[in-house]
Structures are given as C-alpha cells and as structure tokens.
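Next come the chains, spelled out residue by residue.
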Amino acid sequence: MRKHLLTFLLFVCGLLTVSWSYGQTTIIEWGFFVNGLSTGGITGNTGVNLTTGGAFYSSVGCGFQEAISNNIDAGDAWTTGSFKTTGYTNIKYTFNQHRFNNGPTQFKFQYRLSTSGAWTDLTSNYSTSSTSCTGYSVTNVSFPSAVDNQAVVQLRWLCITGRASVNPGGGRLSKVKITGTGSACTPATMPTVSASPGTICTGNSATLSITAGTLNGATSWVAYTGPGGTGSNVGTFSGTTLSVSPTSATTYYVRGEGTGCTAGSDGTTSVSVNPIDNASFSYGAASYCVNAVDPVPTITGLGGGSFTSTPPGLSLNGGTGKIDVSLSTPGTYSVTYTTSGSCPNSSNVSVTINALDDASFNYSAASYCVSDADPTPTITGLSGGTFSSTPPGLSLNGGTGAIDVSVSTPGTYSVTYTTAGTCPNTSNVNITINALDDASFSYGAGSYCSNDADPTPTASTAGSYSSTAGLVFVSTTTGQIDLSASTAGTYTVTHLTTGTCPNTSTQTVTITSTTTATINPDVCDSYTSPSGKTWT
C-alpha cells in the first residue's frame, strides 16, 4: 500500500506546480506493462483484469504504458474486474484516454457495485477526439459516497461514438488509478464462531455465537453467506449471537464491521439442514361401517411412528393405526400419524365411522288367517329397502312387504327387511299364516224319526251349532238334536268353530213324525206308513 503524502507535478514549460494530497492510499492501479492486470493497490486488489477485445500494451508514441485496442467500437467498453474499497472512503479516480487515427471519439465512464446488473454514470458523454497524448484526462475526481467501503466495485469506459469507416483507428487508455482515505480504526480480529445446534430440521433455527474475537474499532459482527462480505447479508449480531434459519446447508462468514473501518477477517461456521420426516399415510376409504373389515393404514412416508386420534371414541391401535370399527363409537375422527425420525413430523387424515342403518319394522300382528285382510308392515327405521322371506310359501311384495294371506301357504315364516343406506342392515320378524279351522261335522244319518234316539254330531273342531227354525237342540255346544221336541221337516244345521281361524260348515237333517197303524188280524192285507214302510 502506497501513501501519496506529497505529489510533485512538473510541466515542461519550466513552471513548477505542486499538488498536495493528504491521506490518500492507492486502492488499485493499472500499469499496463505487459497485460491488463492491476499492478498495485491494497491487499486483494492485485491481478484484477482491465481489458477489451484485442487489446495490447505498449509505450509507443507517448512514452508511457497504455492499453491499446485497434478494434474498440460503439457499444464496446474497457471493463475492469471486481475490486474492493472496503475500509476506505473519499474514493477518487484518475485516468487518461485518447485515440489514434480516426478512432472512437466519445465515451462514458460508469460504475456498479455488483458483478451484474445496471451501470451508473459517473460522467456524461465526453470526447477523445484529440490524438495527442493528453487526450481526455481526469485526476483525483471523487466517486459518489456509495462507492465507499464496498466489497465489490466494477468500472467501465463505454464507447458511444465508434470509429470512422475511412482510415479507422483505435482507442488508448492509461494512468488508471483509484485512491481513497483509509480508516484510522483498528479492524476487528478474526472471530471464532460456533453454531448451536450444528444440524437443524427444515423450518427450525440455529444460533450463531461469537466465542472469541475483539471488535476493536469495528462496531458490530455481521454474517454473510460468502467470504469477504460477498453473498447475502444474513444479519447483524445482537451482542455475540444471531439466530439463523437456513433452508439448506450453509456456511456463514462472520466479520467485524464499522463505518470508516476496514472490515476484519472472516470467522466461519456451518449449519447442516435435514428435511423433516415424510409423515404421509392414508386409509383405503374415508368412511367405514361398524361391521366392515378393520382398516389398516398405508404409510407412504417414514415408518415406525405412532398414531393418535381425536375426539375420544375411536378404537385405534397406536402402533399400527388399525381401527377396530366394531368397538368404535360412530362419528368423525382426526387420525394423526407422528414420525419418530431425526426430524419428527405429523399429518392428519379424517375418518368417519358410520352406524348400521336402522332396519326396524313390524307387522300389526304376529299371525294372520288366510281370510284376513292383507297386512302391510310399518317401517320405523330407514325406508327404501327390500323384503324377503323364508321358507318358500309366503306371498310377499318385495318392495312394500305386503303379504297376500289368501295366496300364502299356511305356516310360520321369517320376514327379513334389508336397508339400502350407507351401511345396509337387516332385521327379521316372524309371521304365521294360519289356515281356517276345520268346521266339518257329521250326524250318523241324514234323517230321523221323531221317536229316534237324539243324535249328536261328530266334529273335528269345537264350536257352536245353529239351525233354521223348528229344530230344537239339546245343546248348541254339542249339536245334539232333540228329535221329539222338533217339528218334522228338513233343516240346515250350521257348525261355527271357535278355533284360531273360525270357520263354518252345514249339513241337512230331516225329521219325520211317528205314525200308529192298527191292523185287523182277521183280514189279510198290507199297510204302507207315511214314512214309506209297509207292513203285511
């Protein structure tokens, strides 16, 4: 680093002019001895290239070293690589530029504080029309303060008006030097930095800590993602700690900084980032009936975790996630799977347990006679199902459950109602179809004399007897006829049963009155009675 405390400029005209420049340090300069690399400056600024296409380097013509380009034209530029002004303020520039023959005549001097992006003008368009060695010359012109204390600075001399088409010439650049006022403060020492924890899960934070180091003249510790203040500015430490939340493995470069003070050397530490566990899982369906096969989830993420559910009521195996649907209370539950890997995570699935449909129904009676009105069931559960019966023989409407008793074979049947809802269910009701009572009966003969023994009928089923007028019963319960008290004639006797399904049957009975015949024993003759009997 070279301090120019006193600079003497001698002019050939014989006059001595003295220019004083206090405290200015050469930040970077180009001598153009054999190439376009910088030949002086502060640490880190040597070997920075300044070039344009086809440049060569010579002292021919003017007696001092220059960068010469035969090809520079409108749109081309002399451009520097990146250099730094860290720790320096009051930055100034010096350069000399001219042309030969009919070379480019207008340029613009620009800078930027990054390696890409837009350029900022330092000058308006200026002319290099002179072919003398002085050309366009500037000395110790100040940059904007934005250039002070920067980690990256680039310069360019942009050609605005290019070469003439007749006898075209080239451009010449020399005496390029950048100076600045150095900081009077002592830079910070290189800090010792640690990260706790050194490995985090995505979304978590780590704390960077300064465990050793002195700020000296600097005012704070600052972290970057690149060395020497490059990359992203992560933040300024609060005292000796800084919380960071990287999304991927990151090395942090920490140095002491302060306005007007040269930044200190980097101390480094790294934080590794592990992705959070994949907690993905699913069941085969979103809902299950209480009589379904117990479902087991499929874990598509990291296995070996545990299952929980809310609200209470779901019978869940915490290790496998298997649900016992028959023991679970119907309802909707949130099942959570939590991994147990290095970066635990959880995910939720909603599962609904549905009760079986209410298949309740009933008939108004448990048994019916084949002569009854056809019964239709009352469905007290979920309607819209179907009816069936066993064994065969019951005439049943499958849609309504109505029974045609007159067409049904007497017997006992199980009628089943099956719902058609979310969780189909069945219920059964026993129905008995009874045949009509056997009302058959019989007297010993179809006719009787009024003086015969009173007849009693034989019947399969008990009941009561009745007749048209004139016939007298000893008992209407037994059906015995009082022949002597009855009027001779033909009668219809009706037997009405008193069994489960009452029935009737009839029989015709004729009663004949008794006739007394007197026969003269001295006379030989025959006699026919009213009943048709003949005596001789």
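None of the values given here were measured: they were computed from a predicted structure. One numbering rule holds for all chains: residues counted from 1, following each sequence as written. Where totals are concerned, whole chains, interfaces and linings use all residues; where local detail is concerned, this predicted model gives features only for residues with pLDDT of at least 70, and gives and counts side-chain atom pairs only at 80 or more. For the side-chain quantities, the full set of heavy atoms in the structure was used; hydrogens and water were omitted.

### Details of the state of the cysteines
No. 1: Count a disulfide wherever a pair of cysteine sulfur atoms falls within 2.5 Å. For the structure on display, the rule yields four disulfides.
No. 2: With a sulfur-sulfur separation of 1.9 Å, C201 is cross-linked through a disulfide to C343. Looking along the S-S bond of the C201-C343 disulfide, the torsion reads about -90°, which is the left-handed sense. One end of the pair, C201, is in strand β17 (residues 199-201); the other, C343, is in the loop between β28 (331-338) and β29 (346-354), with 142 residues separating them in the sequence.
No. 3: Each residue is placed in one exposure class: buried if its accessible area under a 1.4 Å probe, protein chains only, is under 20% of its type's maximum, exposed if it is over 50%, and partly exposed if it falls in between. Residue C343 is classed as buried on the basis of its relative accessible area of 1%.
No. 4: Here C369 engages in a disulfide with C501; their sulfurs sit 1.9 Å apart. Of note, the bridge from C369 to C501 carries an S-S torsion of about -90° and is left-handed in sense. Here C369 is found in strand β31 (residues 367-369), whereas its partner C501 is found in the loop between β42 (489-497) and β43 (504-512), with 132 residues between them in sequence. The same class applies to C369 and to C501, which are both buried.
No. 5: The thiol sulfur of C159 is not disulfide-bonded, and the nearest other cysteine sulfur, from C62, lies at 19 Å. Think of it this way: any DSSP run of H or I at least four residues long counts as a helix, any run of E at least two long counts as a strand, and we number them from the N terminus.

### Some points on unusual backbone geometry
No. 1: Cis geometry marks the peptide bond from S196 to P197; its omega dihedral reads -5°.
No. 2: Structurally, P197 is set in the loop between β16 (192-196) and β17.
No. 3: Between T310 and P311 the backbone carries a cis peptide bond, its omega angle lying at -5°.
No. 4: Tracing the chain through its elements places P311 in the loop between β27 (306-310) and β28.
No. 5: One non-glycine residue, F32, lies in positive phi territory at about 55°.
No. 6: With respect to the helices and strands, the residue F32 is situated in the loop between β3 (24-30) and β4 (40-41).

### Observations concerning the pairing of β43
No. 1: Burial along β43 is one-sided: S505, Q507, V509 and I511 are buried, and none of T504, T506, T508, T510 and T512, which face the opposite way, are.
No. 2: At least two bridges found by DSSP between two strands are what make those strands a pair. As defined by bridge partners, strand β37 (residues 447-449) adjoins β43 across three bridges and the pair is classed as parallel. Directly across from C449, in β43, lies its bridge partner T512.
No. 3: Sheet topology note: the β42/β43 ladder contains eight bridges and is antiparallel. By the bridge assignment, T492 is partnered in β43 with T508.
No. 4: Taken together, β42 and the strand that follows it, β43, pair antiparallel across an intervening segment of six residues.

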